[in-house]
Amino acid sequence: MNGVLERTLGILELLSQHGEGMELAAIADTLDIPRSAVHRLLADLVRLGYVRQARGHGDYLLTTKLVSMGLSYLSNTGIVDIAQPLLNRLAEVSGELVRLSVVDGDRLTWVARAQGARQGLRYDPDMGSDARLSCSSSGWAWLSTMSDDEALALVAKQGIGQPEQFGPAAPATLQEVLTAVQATRERGWSMTTDTYTAGLSAMSAPVRFAGQPAFGVLTIAGPTVRFNAERMATLGPELLSTSQQLAALSGASPFFQLTAETGKSASNDGRKPIYAV
């Protein structure tokens, strides 16, 4: 990392992955930036209110300023207002966690959720993180809307999530990912078990208009002990119906109307990004 902006964003992204905070030396070593430069950047971030230093330890942590900006942005785009009632209904029907992820360039980010489980095991991960495309049900669903070459290029760019880092059934090669994506394309929705997290099953469907790029992905996820293949197959029609309703409602937001005109996600041929449900 050489530029000031690149280094600053690198520090913010790194701290977002460490809620307990990090020492200056650890930040510098992880990002391979001179400690003197990290100290100057952290001082500016503290002054501007994006970072604070924990008393008694010296560790640096993010403040809620970035979170506030993100939530304000999502609120102003209308994503949550439009999607939440449908997410709530699907969560009630399925009795499991329902999540919405949005396409942002070559990333898929979880931005909204509804918890349907009222007792027993509950799966409820942090929001705002990007999906690992090679081993998540949401990733497979999005990749299934592309050509095989486009899907493989995107997975290769992000990297394959290996079984030792994710679930024991995570695909370990591009060919295994492609096989899963092709099966998803034929079925209309993805089904995963132990690929993203051990003991977790999930199913996802892309949110889009027929023949158009995916705006986002709708996911149902829960513990495998109760959310098995048979249960997922039963919920398939409901998942597809809700994803179609989300696509239909997306035009109610000026944000969606503007971004729907951009077409497909960014690539070397000059196509613009799309940011919508």
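For the structure, see preceding data.
In this report, we go over the structure that sits alongside the text. (Residues numbered from 1 in each chain as written. Predicted model: local features only at pLDDT ≥ 70, side-chain atom pairs only at ≥ 80, totals over all residues. Heavy atoms only, no water.)

## Some remarks on the pattern of salt bridges
Part 1 of the argument: On inspection of all chains with the given rule, the structure shows six salt bridges.
Part 2 of the argument: Here Arg47 makes a salt bridge to Asp44, at a shortest N to O gap of 3.6 Å. With Arg47 and Asp44 both in helix H3 (residues 35-48), this residue pair falls three residues apart, about one helical turn.
Part 3 of the argument: Residue Lys157 is joined to Asp106 by a salt bridge in which the shortest nitrogen-to-oxygen separation is 2.5 Å. Pair noted here: Lys157 is in helix H7 (residues 148-158) and Asp106 is in the loop between strand S3 (97-104) and strand S4 (107-115), with a separation of 51 residues, a long-range link.
Part 4 of the argument: The class of Lys157 is exposed, set by a relative accessible area of 63%. (Salt bridge = Lys/Arg side-chain N within 4 Å of Asp/Glu carboxyl O. Helix = DSSP H or I, 4+ residues; strand = E, 2+ residues; numbered from the N terminus. Buried < 20%, exposed > 50% of the residue type's maximum accessible area, 1.4 Å probe, protein only.)

## Quick notes on the nonpolar core
Part 1 of the argument: Core analysis: the biggest nonpolar cluster contains 23 residues, and Leu87, Met203, Leu218, Ile220 and Leu239 have the highest contact counts within it.
Part 2 of the argument: At the level of secondary structure, the elements contributing two or more residues to this core comprise helix H5 (79-94), S3, S4, strand S6 (200-207), strand S7 (216-223) and helix H9 (229-249).
Part 3 of the argument: Those residues in contact with Ile220 that sit more than four places away from it in its chain are Leu90, Ser94, Glu96, Leu97, Val98, Ser201, Ala202, Met203, Phe227, Leu235 and Leu239. (Core = buried A, V, L, I, M, F, W, Y, C linked by side-chain atoms within 4.5 Å. Contact = heavy atoms within 4.5 Å.)

## A look at the side chain of Ser134
Part 1 of the argument: Looking at the element boundaries, Ser134 is found in the loop between S4 and helix H6 (137-143).
Part 2 of the argument: Taking the relative accessible area as the measure of exposure, Ser134 reaches 0% and is therefore buried.
Part 3 of the argument: Among the polar contacts made by the side chain of Ser134, one reaches the main-chain amide nitrogen of Gly161 at a distance of 2.9 Å.
Part 4 of the argument: Contacts of Ser134, omitting those with residues within four sequence positions, involve Trp140, Val155, Gln158, Gly159, Ile160, Gly161, Pro171 and Val177. (Polar contact = N/O pair within 3.5 Å; in protein donor to acceptor, adjacent residues only side chain to side chain.)

## Some thoughts on empty space enclosed by the protein
It is a probe the size of a water molecule, rolled over the atoms, that shows where empty space is left.
Part 1 of the argument: Here the structure, examined in full by the defined rule, presents one cavity of 30 Å³ or more.
Part 2 of the argument: Approximately 100 Å³ is the volume attributed to the largest cavity.
Part 3 of the argument: Contributing elements (two or more residues each) for the lining of the largest cavity: H6, S6 and S7.
Part 4 of the argument: Ranked by residues supplied to the lining of the largest cavity, first place goes to S6 with three residues.
Part 5 of the argument: Classifying every residue of the lining of the largest cavity by side-chain character gives six nonpolar, six polar and one charged. (1 Å grid on protein atoms, 1.4 Å probe; cavity = no way out; pocket = protein on both sides within 12 Å on 5 of 7 lines; lining within 4 Å. Points joined across faces, edges and corners; volume = space filled by probe spheres on them. Nonpolar A, V, L, I, M, F, W, Y, C, P; charged D, E, K, R; others polar.)

## Comments concerning the side chain of Thr192
Part 1 of the argument: Its location among the elements puts Thr192 in strand S5 (residues 190-193).
Part 2 of the argument: With residues up to four places along the chain from it excluded, the contact list for Thr192 reads Ser136, Ser137, Trp140, Leu200, Ser201, Ala202 and Met232.

## Quick word on the packing of H7 against helix H8 (residues 174-187)
Part 1 of the argument: With their axes 10 Å apart at the nearest point, H7 and H8 run at an angle of 130° to one another. Overall, the two elements H7 and H8 adopt an arrangement that is oblique. Seen along the crossing, H7 lies across H8 with a hand that is right-handed. Two secondary-structure elements touch here, H7 through Asp148, Leu152, Val155 and Ala156 and H8 through Leu174, Val177, Leu178, Gln182 and Arg185. (Axes fitted to C-alpha atoms, helices over the stretch in contact; angles between N-to-C directions. Parallel < 35°, antiparallel > 145°, perpendicular 65-115°, else oblique. Left-handed = near helix turned anticlockwise from the far one by under 90°.)

## As for the packing of aromatic side chains
Part 1 of the argument: Taken as a whole, this structure holds three aromatic pairs when the rule is applied.
Part 2 of the argument: Between Trp110 and Tyr196, the ring centres sit 5.9 Å apart and the planes meet at 85°, which makes this aromatic pair edge-to-face. Pair noted here: Trp110 is in strand S4 and Tyr196 is in the loop between S5 and S6, with a separation of 86 residues, a long-range link. Of the two residues examined, Trp110 and Tyr196, each falls in the buried class. (Phe/Tyr/Trp six-rings, centres within 6.5 Å; stacked < 30°, edge-to-face > 60°.)

## What to know about the environment of Ser243
Part 1 of the argument: Take Ser243: it is sitting in helix H9.
Part 2 of the argument: Sequence-wise, Ser243 and Leu86 are 157 residues apart; in three dimensions their C-alpha atoms are separated by 8.9 Å.

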